Amino acid sequence: MSGAPVSRMSRRQALQAAGEIVGLIGSGLWTLAQGAQREGFAPAQPELISRENQRPGTRKWMLENTRVDPQSKYRCPWIEGYCSHTSIQAGQSLKIHVSTNPPSPFTVDIYRLGYYGGEGGRLMTSIGPLKGTVQPYPPIGPKRLRDCQWEPAASLTIPDDWPSGVYLCKLTAEREGLQSYAIFIVCDNRRADFIFQCSDTTWQAYNRWPSQFSLYDDGKTIWYWGNNVAVSFNRPYGKYCQILDAPLSTGSGEFLLWEFPLAYWLEQHGYDVTYISNLDTHSDPAGLLRAKGFLSVGHDEYYSIEMFNNLRRAIASGLNVAFLSGNVCCGRIEFQKDFAGRMRTFERVDFYGPRAHKGIRGMETLPYTSPSSGELVGARNLSPFVGGADWICLAPDHWVFEGTGMKKGDGIPGLVGWEWHGDPANIPGLEVVASGPTQSAPGKPNGGIYTATIYPGPKGNFVFNASTCWWADGLSEPPGYKRPSVYTTPQGPDRRVQRITANLLERMRKSPHPG
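Residues numbered from 1 in each chain as written. Predicted model: local features only at pLDDT ≥ 70, side-chain atom pairs only at ≥ 80, totals over all residues. Heavy atoms only, no water.

**Quick notes on the overall build of the chain**
The cut-off we apply is this: Labels follow the DSSP assignment, with helices taken as runs of H or I lasting at least four residues and strands as runs of E lasting at least two, numbered in each case from the N terminus. In this setup the radius of gyration rests on C-alpha atoms only. A globule is expected at 2.2 Å times the number of residues raised to 0.38. Each residue is placed in one exposure class: buried if its accessible area under a 1.4 Å probe, protein chains only, is under 20% of its type's maximum, exposed if it is over 50%, and partly exposed if it falls in between. Any two residues having at least one pair of non-hydrogen atoms within 4.5 Å are treated as being in contact. With residues, only the protein chains shown are counted as cover, and all accessible areas are computed by Shrake-Rupley using a 1.4 Å probe. The positive count covers Lys and Arg only, the negative count covers Asp and Glu only, and His and the chain ends enter neither. To locate a charge, take NZ of a lysine, CZ of an arginine, CG of an aspartate or CD of a glutamate.
The secondary structure content of the chain amounts to nine helices and 21 strands. For the chain, the C-alpha radius of gyration of 22 Å lies close to 24 Å, the compact-globule estimate for 515 residues. In terms of overall dimensions, the chain has a C-alpha envelope of 70 × 50 × 45 Å along the principal axes. A buried classification covers 62% of the 515 residues belonging to the chain. Of all intrachain contacts in the chain linking residues separated by at least 6 positions in sequence, the fraction that spans at least 24 positions is 73%. A total of about 18,700 Å² of accessible surface is found on the chain, and carbon and sulfur atoms cover 49% of it. Measuring between centres, the 51 positive side-chain charges of the chain sit 2 Å from its 47 negative side-chain charges.

Okay, here's the thing in structure tokens:
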């Protein structure tokens, strides 16, 4: 697969590709475009993010005193919390649910994350001291669901002047000064150049709070990949459970691990970006057409079929997409109602693509009736799923590599990890721009072959697949960032990764809005 030919698309192939994509979605394309017109997006504010990052920043957003209960391995019972919304707009009311055990007064400092002169965050408001109480431990529900019904400790109406972005609630208990986070996304309805999709369904899938209650825990083994297990957004995020020790992940999901380096870099350079949740991709298909480019970031594993279809339809309407991510659209999920009737819980119901040659325990319970992730991404998830590699150029004359100086066979060390995509899809005009074998350790191939791809949409747009969770490591290393190292080790900011990313974004920015 590393030797796959790189071919240019003819006009006839382009027309054929357009016809095939439009034919696949049928009348759904008309519905999406008309929905965008009915919605009436707010006017563009191209300087909004640039102006916002001229405001004074601080590093006080970082946790300074953390602790994890050794029995649970993941939670911080001394102070922990969650927000009522994964994403929220100005004028809406956000409730912050907090538990302190033992009871302690506490404060909430809310920060927006960005560049801010290299500091990484800006203090937006402070709340408290507030009275802390021990909130009830949620019972184990059907499908091992832990769905907290905590009373709100604080409520906040999102101000009109809070820009779209990722926000951290820094929770500090007065009793010992222990800290953790709660996290939420502020969305807007304005036209913008780029939509940054936070991978929060994947954050929640791996959330083991309070102890071994992630989508990967069936009560029998610690890594399960089947059905009949459900998770809820109504609970704190425990400390990250997988490939590295990251104290700043306590309460913040995986955003600081794989996604923040891209957001930091985008805002440093003044890109016109707006932020959404995976849940917005699920529920607001017309909103995808606000932007010229859509960015999937980091570890973006879990998609509902609505997410899959909404994004494909948006591509057919002219949206450019860059999957600066790995393991994308691997597990199919279905959202379900929580105790209050809101779509705040979900379970894994299938795998996107054919049955894995060598699967993970539990995969045998799945029906394998979902489309392949490659139809959306350009390449798919397949065994052995994990591994590391250098990101090796195969198509140096492609515009993606313009200005990088890369030649065929040149590699960016350690950039591929720890999950990737392979087996390029049979999409007219698709090109493999980087590929190589993966390894379980230096000098130990594990049989995988990753492929980074790009394919044309029907309206002059494109879909790029970087085929790595660690793409953003090559862009920046913001305050608090901890570099991953498993199977291989990425080497941090690299001018070639920065230039490739800039090439993708500039091509998007020069294109018309879809719809």
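**Thoughts on the side chain of Glu-347**
Threshold: N or O atoms within 3.5 Å of each other form a polar contact, as long as, within protein, one can give a hydrogen and the other can take it, and as long as residues adjacent in sequence are counted only when both atoms are side-chain atoms.
Residue position: Glu-347 is located in strand β16 (residues 343-351). You can call Glu-347 buried: its relative accessible area is 6%. A polar contact is formed between the side chain of Glu-347 and the side chain of Lys-143, at a distance of 2.6 Å. In this structure, Glu-347 is in contact with Lys-143, Leu-215, Asn-228, Val-229, Ala-230, Arg-332, Ile-333, Glu-334 and Gln-336, ignoring residues within four places of it in sequence.

**What to know about the sheet that holds strand β6 (residues 154-157)**
Sheet strands line up and pair through hydrogen bonds in the backbone, either parallel or antiparallel. Heads up, the rule is: A pair of strands is treated as paired once DSSP finds two or more bridges between them. Helix axes are fitted only over the stretch in contact, all axes being lines through C-alpha atoms; the angle between N-to-C directions runs from 0 to 180 degrees.
Taken in spatial order, the three strands of this open sheet run β1-β3-β6, and their pairing is antiparallel. Here the strands that pair on one side only, and so sit at the sheet edges, are β1 (80-83) and β6. Strand-to-strand twist across the sheet, computed as the mean angle between neighbouring axes with direction ignored, equals 20°.

**Notes on the nonpolar core**
A general feature of soluble globular proteins is that nonpolar side chains tend to end up buried together. Using the following cut-off: Within this scheme, the nonpolar core is defined by two criteria: the residues are buried Ala, Val, Leu, Ile, Met, Phe, Trp, Tyr or Cys, and they are joined through side-chain atoms within 4.5 Å.
Core analysis: the largest hydrophobic core is formed by 113 residues, its most contacted members being Phe-196, Phe-255, Leu-262, Trp-391 and Phe-464. Here this core gets eight residues from one element, more than from any other, and that element is helix α5 (residues 255-268). When neighbours within four sequence positions are excluded, Phe-464 is seen to be in contact with Val-321, Ala-322, Phe-323, Leu-324, Trp-391, Val-400, Val-433, Thr-453, Ile-454 and Leu-504. In terms of nonpolar packing, the next biggest core, distinct from the first, is built from 25 residues, Cys-76, Ile-127, Leu-156 and Phe-184 among them.

**Quick look at helix α7 (residues 305-316)**
Counted only if it meets this: Given a helix with a known number of residues, its expected span is that number minus one, times 1.5 Å.
For α7, which comprises twelve residues, the first-to-last C-alpha distance of 17 Å matches the rise-based estimate of 16 Å (1.5 Å per residue) to within 8%. In terms of residue burial, α7 counts as a mostly covered element, since nine of its twelve residues are buried. All of the buried residues along α7 are Ile-305, Met-307, Phe-308, Asn-310, Leu-311, Arg-312, Ala-314, Ile-315 and Ala-316. Positive backbone phi, approximately 115°, marks Gly-318, located one or two places after α7.

**Structural notes on the pairing of strand β14 (residues 320-326)**
Successive residues of a regular strand alternate their side chains across the two faces of the sheet. Most of β14 is tucked away, with seven of its seven residues classed as buried. Two strands pair when backbone bridges link them, and strand β12 (residues 291-299) and β14 are joined in this way by seven bridges, in the parallel orientation. Pairing of Leu-295 across the sheet is with Ala-322, part of β14. As paired strands, β14 and strand β21 (residues 462-465) are joined by three bridges and run parallel to one another.

**Notes on the environment of Tyr-275**
As for its position among the elements, Tyr-275 is in strand β11 (residues 273-277). Between the C-alpha atoms of Tyr-275 and Phe-294, which are 19 residues apart in sequence, the distance is 9.9 Å. Setting aside chain neighbours within four positions, we find Tyr-275 in contact with Arg-112, Ser-164, Gly-165, Val-166, Ile-185, Val-186, Cys-187, Phe-196, Ala-263 and Glu-267. Only 2.7 Å separates the side chain of Tyr-275 from the side chain of Glu-267, close enough to count as a polar contact.

**Things to note about the pattern of salt bridges**
Under the convention used in this document: When a carboxyl oxygen of Asp or Glu is within 4 Å of a side-chain nitrogen of Lys or Arg, the pair counts as a salt bridge.
All chains considered together, the criterion is met by 23 salt bridges. Arg-55 serves as the salt-bridge partner of Glu-52, at 3.4 Å between the closest nitrogen and oxygen. Since its relative accessible area comes to 45%, Arg-55 is described here as partly exposed. Residue Arg-342 pairs with Asp-338 through a salt bridge whose shortest N-O separation is 3.0 Å. A relative accessible area of 32% places Arg-342 in the partly exposed class. For Asp-338, a relative accessible area of 8% corresponds to the buried category.

Interpretation in functional terms is not warranted from these geometric data alone.
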